[in-house]
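Below, each chain spelled out in residue letters.
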Amino acid sequence: QVQLVESGGGSVQAGGSLTLSCEASGPDFISGGFCMAWFRQAPGQEREGIAFSQSGGGTLYSDSVKGRFTISRDSAKRTLLLQMHSVKPEDTAIYYCAASPLWYRCQRNPNYWGQGTQVTVSS
């Protein structure tokens, strides 16, 4: 049992910034052994992974957000942040926090998902 809860979504003007947060909890969550990630899904589109955080500290980004978004975790590895800068209208989507004990699952089909939080970018 792993629970992931996102927060921080909302509306923002293009070019602005927004920070999303995800809190992980539950008896099956191992902070030192789980990777965590941010996915997003725009209306009518497939859910895509945009930022990934390895338990050891490494990070990976999709081309669509690289250089603009930053993923990070606190020292306990239970809080995941997504710092969004220079946002664009195409960033509008529901953003989901995800986690998995397996790196390859984290990149494609994580074991655990949050409820999602809406981010709307206006031009």
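Being a predicted model, the structure only gives us computed values, none of them experimental.

This part covers the state of the cysteines. Applying the stated criterion to the full structure yields two disulfides. The disulfide partner of Cys22 is Cys97, and the gap between their sulfur atoms is 2.0 Å. Disulfide Cys22-Cys97: the torsion about the S-S bond is -75°, which places it as left-handed. Of this pair, Cys22 sits in strand E3 (residues 18-25) while Cys97 sits in strand E9 (residues 93-100), and the two are 75 residues apart along the sequence. No difference in accessibility class separates Cys22 from Cys97, as the two residues are buried. Shown here is the disulfide that connects Cys35 with Cys106, its sulfur atoms set 2.3 Å apart. A torsion of 140° about the S-S bond marks the disulfide between Cys35 and Cys106 as right-handed. A residue pair is termed long-range when its members are at least 10 positions apart, and Cys35 in strand E4 (residues 35-41) and Cys106 in helix H1 (residues 103-108) qualify at 71 residues. The pair formed by Cys35 and Cys106 is uniform in burial state, with each residue classed as buried.

Relative to strand E8 (residues 79-84), E3 is paired through six bridges, and the arrangement is antiparallel. Looking across to E8, one finds that Cys22 is bridged to Leu80. Where strand E7 (residues 69-73) meets E8, five bridges bridge the pair, whose relative direction is antiparallel. What sits directly across from Arg73, in E8, is Leu80. Between E7 and the antiparallel strand that follows it, E8, lie five residues; Lys77 among them carries a positive phi value of about 65°.

So, about the nonpolar core. The biggest cluster of nonpolar side chains holds 27 residues, and the ones touching the most others in it are Met36, Trp38, Leu82, Met84 and Tyr95. The set of elements that each furnish at least two residues to this core consists of E3, E4, strand E5 (48-53), E7, E8, E9 and strand E11 (117-122). Setting aside anything within four residues of it in sequence, one finds Met84 in contact with Gly16, Ser17, Leu18, Leu20, Arg68, Phe69, Tyr95 and Val119. Phe39, Phe52, Ala98 and Cys106 belong to the second largest nonpolar core, which has seven residues in total.

To continue, consider the packing of aromatic side chains. Summed over all chains, the structure comprises six aromatic pairs. Where Phe39 meets Phe52, the ring centres are 5.9 Å apart and the plane angle is 90°; that geometry is what we call edge-to-face. Separated by 13 residues along the polypeptide, Phe39 in strand E4 and Phe52 in strand E5 bring together distant segments of the chain. The exposure class assigned to Phe39 is buried, which follows from its relative accessible area of 3%. With a centroid separation of 4.9 Å and an interplanar angle of 65°, the aromatic rings of Phe39 and Trp113 are classed as edge-to-face.

Bringing unusual backbone geometry into the picture now. Non-glycine residue Lys77 carries a positive phi angle of around 65°. Note on placement: Lys77 falls in the loop between E7 and E8. Residue class for Lys77 comes out partly exposed when judged on its relative accessible area of 23%. With a phi close to 50°, Ser86 is a non-glycine residue in the positive phi region. Structurally, the position occupied by Ser86 is in the loop between E8 and E9.

Conventions and cut-offs
Residues numbered from 1 in each chain as written. Predicted model: local features only at pLDDT ≥ 70, side-chain atom pairs only at ≥ 80, totals over all residues. Heavy atoms only, no water. Disulfide = S-S within 2.5 Å. Helix = DSSP H or I, 4+ residues; strand = E, 2+ residues; numbered from the N terminus. Buried < 20%, exposed > 50% of the residue type's maximum accessible area, 1.4 Å probe, protein only. Pairing = 2+ DSSP bridges. Core = buried A, V, L, I, M, F, W, Y, C linked by side-chain atoms within 4.5 Å. Contact = heavy atoms within 4.5 Å. Phe/Tyr/Trp six-rings, centres within 6.5 Å; stacked < 30°, edge-to-face > 60°.

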